[in-house]
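Each chain is listed here by its residues.
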Amino acid sequence: MAQVNGETETVVRRLRDGMAGGVLSFPLTSFHDDGSLDPDGFRAHVAAQTATAPGAIFPACGTGEFFSLDEDEYRTVVTIAVEEAAGRVPVVAGVGYGWAQAARFARIAEEAGADALLVLPHYLVAAPQDGLVAQLEQLAARTRLPLIAYQRGQVAFTASSLRRIARIPGVIGLKDGHSDLDRLQRLTLAAPEGFLFFNGASTAEIQARAYATVGVPAYSSAVHAFAPEIANAFFAALRDGDDKTVEKLLREFYVPFVELRDRVPGYAVSLVKAAARLRGRPVGPVRAPLTDPTPADLADLTALLTTGLDLVGAAL
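Residues numbered from 1 in each chain as written. Predicted model: local features only at pLDDT ≥ 70, side-chain atom pairs only at ≥ 80, totals over all residues. Heavy atoms only, no water.

## Things to note about the overall build of the protein chain
Working step 1: Check the secondary structure of the protein chain and you find 12 helices and eight strands.
Working step 2: On the principal axes, the C-alpha backbone points of the protein chain span a range of 50 × 45 × 35 Å.
Working step 3: Considering the protein chain as a whole, with its 316 residues, one finds that 53% of them fall into the buried category.
Working step 4: Across the protein chain, the fraction of contacts at a sequence separation of at least 24, relative to all contacts at a separation of at least 6, is 73%.
Working step 5: Carbon and sulfur atoms form 52% of the exposed surface of the protein chain, whose accessible area is close to 12700 Å².
Working step 6: One way to put it: in the protein chain the 29 positive side-chain charges average out to a point 4 Å from where the 36 negative ones average out. (Helix = DSSP H or I, 4+ residues; strand = E, 2+ residues; numbered from the N terminus. Buried < 20%, exposed > 50% of the residue type's maximum accessible area, 1.4 Å probe, protein only. Contact = heavy atoms within 4.5 Å. Areas by Shrake-Rupley, 256 points an atom, 1.4 Å probe, with all protein chains shown as cover. Lys, Arg positive; Asp, Glu negative; His and termini not counted. Charge placed at Lys NZ, Arg CZ, Asp CG, Glu CD.)

Here it is, written out as structure tokens:
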């Protein structure tokens, strides 16, 4: 990893410590029924998330519907997340699109007090490895905040490119959403000491054990956004080697949740928001082009959520 300054070193240390102690929280962005931003609802949601001791907070990322936020809304969301975290956990804000637009969001995140940035996949087009590296170089040159690259969709780094991005000042880690463990193992072996890796697969708990075998034990948890009791129980069981509990939660909650999630495109966010609403969280609906669950799917979600909470001694 490129030589880092004291501030970046502190962020890396805080993230590493947080990753070892809890799941990574990706809060939902709250909207009113008319689709407008609900700052008060978001503040309440983030306060509840931080109270359950996550390893870090990642506002305005995929689960937080970054793609639907304008710059003013983004500023509000990141500012509230920083205020509610109050220095207790790192705040890593999402940025994305091309590097020029990502730099605009990065400046807002800096001003709001974020600790680092998660660089979401660029918009629409496929790109060669040289271009993927240049995207990060351009952004890193325009922000003082540390960067975590996110490979998913059209972004997939080779081992050679991983070595290159790890030398970019300010690039501190990689989040993986491809779940190609052969490729990921090559990347972890190519990375310099101290480079951070994150499991960013959809419903990451499903593959958490497999990711850990290639050196990536830290993971993001969408379930934490609506049922931190389940997410934290799974994390503790995984950490403690309690395979019986891990497999029971996988079999009776996580696998059925994934099967429900896979019924409709976009349910990876829509179901999470719906489940949060079932628990009285003020997160509101999703924004188009996402759609809220159908009544039938919502009924199935309610039954599954009840089952999952029962498994960990909690109630709807």
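## A few points about helix H10 (residues 243–261)
Working step 1: When the local axis directions of H10 are compared, the greatest deviation, roughly 45°, occurs at Leu250.
Working step 2: Val246, Leu249, Leu250, Phe253, Tyr254, Phe257, Val258, Leu260 and Arg261 are the residues of H10 that are buried.
Working step 3: The inward-facing, buried residues of H10 abut helix H8 (208–213), helix H9 (228–240), helix H11 (267–278) and helix H12 (295–311). (Bend = angle between axes of the 7 residues up to and from the residue.)

## With respect to the sheet that holds strand E4 (residues 116–119)
Working step 1: Spatial ordering of the open sheet is given by E3-E4-E5-E6-E7, a layout of five strands whose pairing is parallel. The sheet is open, and its two borders are formed by strand E3 (92–95) and strand E7 (196–199), each paired with just one other strand. Looking at each pair of strands side by side, their axes are set apart by 25° on average, direction ignored.
Working step 2: With five bridges joining them, strand E5 (residues 147–151) and strand E6 (residues 171–176) adopt parallel strand pairing. Paired with Ile148 across the bridge in E6 is Gly173.
Working step 3: Contacts from helix H4 (residues 99–112) reach E3 and E4 within the one sheet, and its direction differs from that of E3 by about 155°.
Working step 4: The strands touched by helix H5 (residues 129–140) are E3, E4 and E5; relative to E5, the strand with the most contacts, the crossing angle is about 155°. (Pairing = 2+ DSSP bridges. Axes fitted to C-alpha atoms, helices over the stretch in contact; angles between N-to-C directions.)

## With respect to the nonpolar core
Working step 1: Core analysis: the biggest nonpolar cluster contains 73 residues, and Leu15, Phe58, Tyr74, Val95 and Leu118 have the highest contact counts within it.
Working step 2: Ignoring anything within four residues of it in the chain, the contact list for Phe58 reads Leu24, Ser25, Phe26, Pro27, Val92, Leu118 and Ile148.
Working step 3: Val23, Leu28, Ala227 and Leu304 belong to the second largest nonpolar core, which has 34 residues in total. (Core = buried A, V, L, I, M, F, W, Y, C linked by side-chain atoms within 4.5 Å.)

## What to know about the pairing of E5
Working step 1: Here E5 lies mainly inside the structure; five of its five residues are buried.
Working step 2: Side chains of E5 alternate between two faces, with Leu147, Ala149 and Gln151 and Ile148 and Tyr150 buried alike.
Working step 3: With three bridges connecting them, E4 and E5 associate as parallel partners. Directly across from Leu117, in E5, lies its bridge partner Leu147.
Working step 4: Traced from E5 through helix H6 (residues 159–166) to E6, the parallel crossover comes out right-handed. (Right-handed = clockwise from strand over helix to strand, strands pointing away.)

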